[in-house]
Amino acid sequence: MQFVAIVAKFCSAALSSHAFTWVLKPLMAAATALQPSYSQLTPIHPEVFKFVLLSKCHHAARMFLDDEIVEVNAGVTLATPRDMLLHHYYRGMCLLGLNRVASALACFTLCFSAPAVSLNAIQVEAYKRCLLCSLILRGEGPTIPKYTAPCVVRHVKTYVPAYTELVSACSKPSIRVGLSSLLTRHAAIYERDFTLGLVKQCTTALTTRCVGLLARTFMTLSLSQIAAHAALPAAAAAEAHLLKLVGSAEICARIDQPRATVV
């Protein structure tokens, strides 16, 4: 107990002095020392990930991100339910910083589906990011596990209308006309929640899926037709997007510039 209290004061001092980077190694060593095994959660784990996010040194968390935490023993490590929620949430944020979206989706799902008797603000924030990660990967909202607490299932969506509207706008392969106006209307909310970058990734992923669907449906299309189907501003934007997809080997295509067509 004294060890955890000392680490808490150490973290408080680091926060007040904005010394985010230099505390990472001591915190990781402290978490490892408190762990009876590598699969056990400690109250120091969420602090490690928090300072990784504050320092923006996401690569520093690689060692801890690869550990599979499956045990919580409050009698040994003094870990609390809040520590567990913060661990999954911060871990998911670190995974997003490393562009490991699928793994981040799993962490956010574990966070908002954790046992609860009332809705927690941490779970609401996790659900927002879970929803956005699911849109990026699958183009649809997240699957809520059957074991999720009823209070979470009933109320979580009422706290995130700007995000549920985004799911509705992105639910079909074609981009709906109202998507750009929706993003403009809720831009302040996304900026406040620090999710604007993820929202932009959702729209980019949706455009990619639209172009991919066209590639599987048609043999030849004009650049202007692709721009219209994918809600891109002009044929030049469609060409630029196609070049990125071809460069990343997501589709195979040949652009005939004189005719402005794509095979």
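Residues numbered from 1 in each chain as written. Predicted model: local features only at pLDDT ≥ 70, side-chain atom pairs only at ≥ 80, totals over all residues. Heavy atoms only, no water.

Visitor: Got a sec to walk through the environment of T184? Specific residues and values, please.
Guide: Within the secondary structure, T184 sits in helix 11 (residues 179–185). Overall, the relative accessible area of 61% leaves T184 in the exposed class. Counting along the chain gives 157 residues from T184 to L27, while the straight-line C-alpha distance between them is 41 Å. (Helix = DSSP H or I, 4+ residues; strand = E, 2+ residues; numbered from the N terminus. Buried < 20%, exposed > 50% of the residue type's maximum accessible area, 1.4 Å probe, protein only.)

Visitor: Talk me through the side chain of S55; I want residue IDs and the actual numbers.
Guide: Looking at the secondary structure, you find S55 in helix 3 (residues 44–55). Looking at S55, its side chain comes within polar contact range of the main-chain oxygen of V52, at 3.1 Å. Residues contacting S55, with those up to four places away along its chain left out, are F20, T21 and L24. (Polar contact = N/O pair within 3.5 Å; in protein donor to acceptor, adjacent residues only side chain to side chain. Contact = heavy atoms within 4.5 Å.)

Visitor: Could you give an account of the nonpolar core, with specific residues and numbers?
Guide: Core analysis: the biggest nonpolar cluster contains 66 residues, and L27, I44, V48, F51, F108, L132 and L166 have the highest contact counts within it. Considering every element that reaches this core, the biggest residue donor is helix 8 (residues 121–138), with ten residues. In this view, V48 contacts L24, L27, M28, A31 and F64; residues no more than four positions away in its chain are not counted. If you look at the next biggest cluster of nonpolar residues, it comprises 14 residues, including V211, L214, L223 and I251. (Core = buried A, V, L, I, M, F, W, Y, C linked by side-chain atoms within 4.5 Å.)

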